[in-house]
Structure formats: structure tokens, C-alpha cells
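# Analysis of the macromolecular model
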Amino acid sequence: MKRSCYCVEPSEAETGKEFTLVGWVDTRRDHGGVIFVDLRDRTGLMQVVFNPEIQREAHELAGELRNEYVIAVRGVLQPRSEETVNPRLPTGTIELMAHELEILNSAQPSPFAIDDEAQITENVRLRFRYLDIRRPVMQRSLRLRHDVCRMTRDHLNDAGFLEVETPMLTRSTPEGARDYLVPSRVSPGQFFALPQSPQLFKQLLMVGGVDRYYQIARCFRDEDLRADRQPEFTQVDLEMSFVESDDVMEVVESLLKNIFRDLRGLEFASDFAFPRMPYDEAMNRFGSDRPDTRFGMELTDLSEIFSASDFKVFRAAVEAGGSVKAIVVKGGASMSRKEIDDLGVIAGELGAKGMAWIKVNEGGEWQSPIVKFFSDGERETLTSQLGLEDGDLILFGADRTQVVHDVLGGLRTRIATARGLIPEDRFDFLWVTDFPLVEYNEEDKRYYALHHPFTAPKDDDLDRLESDPLGVRADAYDVVLNGVELGGGSVRIHRADVQQRVLAMLGIDEEEAREKFGFLLDGLSYGAPPHAGLALGLDRLVAILVGTDSIRDVIAFPKTQKAACLLTEAPSPVDATQLRGLGVKLDI
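Okay, so let's go over this structure. (Residues numbered from 1 in each chain as written. Predicted model: local features only at pLDDT ≥ 70, side-chain atom pairs only at ≥ 80, totals over all residues. Heavy atoms only, no water.)

For the second largest pocket, the calculated volume is near 660 Å³. Taken together, 26 residues line the second largest pocket, and the ones lying closest to its centre are Arg40, Asp41, Gly44, Arg134 and Pro136. Secondary-structure elements contributing two or more residues to the lining of the second largest pocket are β1 (18-31), β2 (34-41), β3 (44-50) and α4 (136-158). Looking at which element gives the most residues to the lining of the second largest pocket, the answer is α4, with 5 residues. A per-class count over the lining of the second largest pocket returns 9 nonpolar, 6 polar and 11 charged. (1 Å grid on protein atoms, 1.4 Å probe; cavity = no way out; pocket = protein on both sides within 12 Å on 5 of 7 lines; lining within 4 Å. Points joined across faces, edges and corners; volume = space filled by probe spheres on them. Helix = DSSP H or I, 4+ residues; strand = E, 2+ residues; numbered from the N terminus. Nonpolar A, V, L, I, M, F, W, Y, C, P; charged D, E, K, R; others polar.)

In C-alpha cells form, the structure reads like this:
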């Protein structure tokens, strides 16, 4: 029997017509001789009725059905009786009276119910991912992911971009994370690398005159994983020639508006533009370069107050060139000592050596082990600067400024989540701009690019590249949504001499630069146009649209946090013959 349509497509107006439906048995119920089957496909459910008085052979065969059997049913659409109408289903007012049934395949009992209410551990879901994908929530997620990709392609095609594929097998280059390496059988002892991103190739496409490129690209990074990381992931990658940062931001902003308008029903005023915030402001106010601006609890700098304080811990932090900052938790004085101690544990995990706090109890009483070290003037200034009220809790950070930002920024989001301070169904978009070009690693005693080595310095800062690297701003921009970095981009270096200077500042001498990036440097020397681009994290974008915290929920076949596939049991050993053919010998 050939399917005539999907399960949810027939309507009340088509009662009396014959349909052939196929799918899986979601449930089977025997009501005194009449058998009811909920038939499921990717669109939803249709109730099928097997009545022995209508068709005895089909009814007898339906007695063999069990959950997840694959069947084809031919029958006539009819209205449901009034008492069996199900308003929760799109097909809740109609049903199919079966005239013919074919069992296409049987199924052994499933390890979990194929529905959204089943409580299933993630490991079980990933082990039986093909069953997990049948659940309506996963079907909706994969459909939405498809819609995002479709809308992205349509939007960028209309804007004059060309979709171009770049190589999956390339050379290993030092771009940040570890590469996944692929040994070459044809060239023994040599290796390809899987791309961490299409960065260098998309720049070379600009050199080649493509002008506007995009790709929904697979990327690979051998790094420790968190809930929002995967060893292989997907990004919407784009690059443009003869543009400035504003041009890229305009294209990406209009794309995101279209996606959230169509898929989440958001309305944007015709003149609305995503707010922009310099990196320094984001760090000083929120302790993060991807701030969640949906709630307050911003950081306040108290370094000047405590620069000459009798409280040695705070004074020492300022004297060492660090900072003293604080956040105020409104109503937080009601927290128990254990709850505050638990926050101290979190602060330690974020890098703090300890966490100072003060409760402002009813009647203005200050409660804390550190209160005795504060002068009356310091207390008055704190009350004024922090806007303190009875019932508030103050949490302090005193250390190197980066540590203070990491700790208070992390506590800010944890506390807001735990106390329900973050508005639901609100989407705060933000551009973070003017990042530092580099950061200094004390352990390695060298500079590292904050984004990647091909990011252009701001024109006004180029003269300070060698004399004051930490003071040089990058012509870079990240798009942030609700505290999540959706994507990052920059104006690229399009002159070979500037690229050489940046690589030298990063400790990559001319010989190593030629070895690792010679093809790029050569390309830049043959008339490379000014160009800029951005990459959006597709997995994170879809996760936000779906409303899940883990990108594994929106990837068809994800890896675990240990970079393993429970379904296929990859990675796995390979035959010794394969290794010999590749010239590879294991020493583990």
C-alpha cells in the first residue's frame, strides 16, 4: 500500500474519503472487540479503528499489533464520536476506519516509552538514539534545525552570497584547540587535520574574488567538552569583501531577526538595532564578555574605597594591581549560612581563594565576619554606592581583576537562575565590540590571540602593536543572546606585512609562519581585498530556539562529554593491518 499523505494532513472536510497511512504503532487499545490504534509518523498521530463488523481480516491482524510495529493502513476517514474527541490533537475530531492492514515490520519491546513524558537518562537516550529520535520532542527539534538552515540559505542567497564548500582534510595549523589528525596512507608519516573552522579557506576565497561566501560548515576540535561543546559541531560561516564590521553585523542581525520572527514569533520595530557594548564595559558591569542583560545584579567597582582600607585583604588586592568589586543580591539576607557557604564553594570553583559577604538585616544591622574591619566612612560609602537596603546580601571579589570578573560574573548568573530572577520568553540580543587583540599567558610567558591570529587590529591601534600589545583593540565583534555567545567575527588582516607583525607578536617567527601559514601569506600578497566575516554556532542557536540547555538535544547523533558515541561505540580500536598500512605504531 502506497502512503497517500502524512498522519496529521487529513481534515474534517475530507471525511468519507479513503486514505492510506503508514507509520509506527504508538498505542493499541482493545475496547470489547473494537481495536483502537494511535498511528504515529513524524507529523503526529491519527487514531485508527479496527471494527470486526467493517473488516474482519484487518481486525484479526490488528490483534497481533504491539507498540512500535511498522504498519500500513487503508481506510475511510470519519468523524469521531462526541465522547472520543481529543482537543489536544490536531486530528482529535477525526479517525480512520480501517479496511486493510499490512504489518511491514515487527518490533521488540522498546527500552523506554516513545513519548515526551518518559523519564530517560541521557546515556540511555544516546545508546538508543534511533528510538529517541522518534519522540515528538526530537522530531520538533530536528524540524526546527532544518528550518533554521533553510531560512539561513534563503536569506544569504538573497543577499548575494555564494555557498562554497571548503576541504575537510587540510593541514594542521595552530589556531587554538587541538586538531583531530588523520594519517595519510599515500604519504607515510604525514597527517591531514580536520578543520577547526574554514577560517583560512574563506579568507582565500575572498582573495579569489568570490566576494560573498557562506557555508553551513562542519568543524572539529579535540578539546574537553561541556554541555555546549561537541568534538564536531556546525557553524553558519560567512565572509564578505570590501566591507567594514558594520556591514557584516547588519547581515547577521537581519538574519537573526528573520529567524526569531518566523520561528519564535518575536516582533522587532522597523528601526530596532541590536545594542552594542564595548568589551571593557561588558566585563566591568557583568564580569563576562557574553553578558546576560535580562536582569540586574551588576558589578560595582569598590577599589578606590578600599585602596587605603584597614581591611588588609581588600587593600592588598588593590595594591597588587587587582580590584575589589561586589554584587548585591536583593533579598539575599534571608539566605542561610549553609546557602552562603555553598556560594563560597562555587566561587572557589570559579577561581576565588575565598568569598567575603555581608548581610544587611532588618533594622540596618550588618552581619559578617569582616564588618569589624570597616570604618564608618567605608560603611556609608558602600551603602551609597551599592544602594543598600534592609534584606540585601553583598558578595565581594578581591583579586586580580580577571579573577574577580570570573567569580562575580559566574555567581551573578548562578544566583539569578536559582532565585528565578531571569524573565522567561525574553530575548536580549547584544553586540560586544572592541575586544583586546591579545591576552598574556603568565605560565607560557607569551601572548595569545583572543579570537584568532588573523583578526585585524583597529587602525588607530596599529602603531602600538609592538610597543603595547595589551592596549591594542581588535576589530572584532560577538553577537550575544541571553548570556550565550551565538557567534563571533572580525575584520581580517588583508595585508601580508601586518599579518607577519601579528604572528611575530604571538611568538611565531618568520620561519614558522612560512611553514604553517605560507599559503595564506602568499595569498595576501597577491592583491587580497579588505574582508570581514563571522561564524554563528548553529547548534547553540537551535538550542536556544528549542529552549534546551544542551546542544546534544538538537544534534541527531551527538557525542557524550567524553567525546564518545554510545550508539556506535566510537572511538574504537582498529585492526593492526589498518595501522600497518598507514605506517602507524601505537605506543600507549
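What follows covers the packing of aromatic side chains. Both the distance between ring centres and the angle between the ring planes are used here to describe each pair of aromatic rings. According to the stated counting rule, one finds 19 aromatic pairs in the structure shown. Ring plane angle 10° and centroid distance 4.5 Å describe the contact between Phe274 and Phe429, whose orientation is recorded as stacked. You can see Phe274 sitting in the loop between α6 (245-264) and β11 (276-278) and its partner Phe429 sitting in strand β17 (residues 429-433), a full 155 residues away along the chain. For Phe274, a relative accessible area of 3% translates into the label buried. The exposure class assigned to Phe429 is buried, which follows from its relative accessible area of 5%. (Phe/Tyr/Trp six-rings, centres within 6.5 Å; stacked < 30°, edge-to-face > 60°. Buried < 20%, exposed > 50% of the residue type's maximum accessible area, 1.4 Å probe, protein only.)

A word on empty space enclosed by the protein. For the structure on display, the rule yields 2 cavities of 30 Å³ or more. Within this model, the second largest cavity holds a volume of roughly 40 Å³. Around the second largest cavity, the lining residues are Leu126, Arg129, Phe557, Pro558, Cys565, Leu566 and Leu567. Considered class by class, the residues forming the lining of the second largest cavity number 6 nonpolar, no polar and 1 charged.

Moving on: the environment of Leu437. Tracing the sequence through the fold places Leu437 in the loop between β17 and β18 (438-441). Residue classification places Leu437 among the buried positions, given a relative accessible area of 5%. C-alpha separation for the pair Leu437 and Ala449, spaced 12 residues apart in sequence, amounts to 6.1 Å.

This part takes up the pairing of β18. Sheet topology places β18 next to strand β19 (residues 446-449); 4 bridges connect them, and they run antiparallel. Paired with Val438 across the strands is Ala449, a residue of β19. Here β18 folds back onto β19, and the loop between the two strands holds 4 residues, one of which, Lys445, carries a positive phi near 55°. (Pairing = 2+ DSSP bridges.)

Relative to strand β5 (residues 94-105), β3 runs parallel, the two sharing 2 bridges. In the sheet register, Val48 faces β5, and the bridge partner there is Leu96.

Mapped onto the fold, Ala556 is located in the loop between α15 (538-546) and α16 (576-582). When the C-alpha atoms of Ala556 and Asp132 are compared, they prove to be 9.6 Å apart, with 424 residues separating the residues in sequence.

Glancing now at a positive patch on the surface. A surface patch of positive charge is lined by Lys2, Arg3, Arg42 and Arg143. Topologically, Arg42 is positioned in the loop between β2 and β3. (Patch = residues over 30% accessible without salt bridge, like charges linked within 9 Å, V, L, I, M, F, W, Y side chains within 5 Å. Areas by Shrake-Rupley, 256 points an atom, 1.4 Å probe, with all protein chains shown as cover. Salt bridge = Lys/Arg side-chain N within 4 Å of Asp/Glu carboxyl O. Lys, Arg positive; Asp, Glu negative; His and termini not counted. Charge placed at Lys NZ, Arg CZ, Asp CG, Glu CD.)

What follows deals with unusual backbone geometry. Glycine aside, residues mostly have negative phi, and peptide bonds are mostly found in the trans state. The step from Ala570 to Pro571 runs through a cis peptide bond, and the omega angle for that step is 0°. Look at Glu68: it is not a glycine, yet its phi comes out positive at around 75°. The phi angle at Lys445 is positive, at roughly 55°, despite the residue not being glycine. Looking at the secondary structure, you find Lys445 in the loop between β18 and β19.

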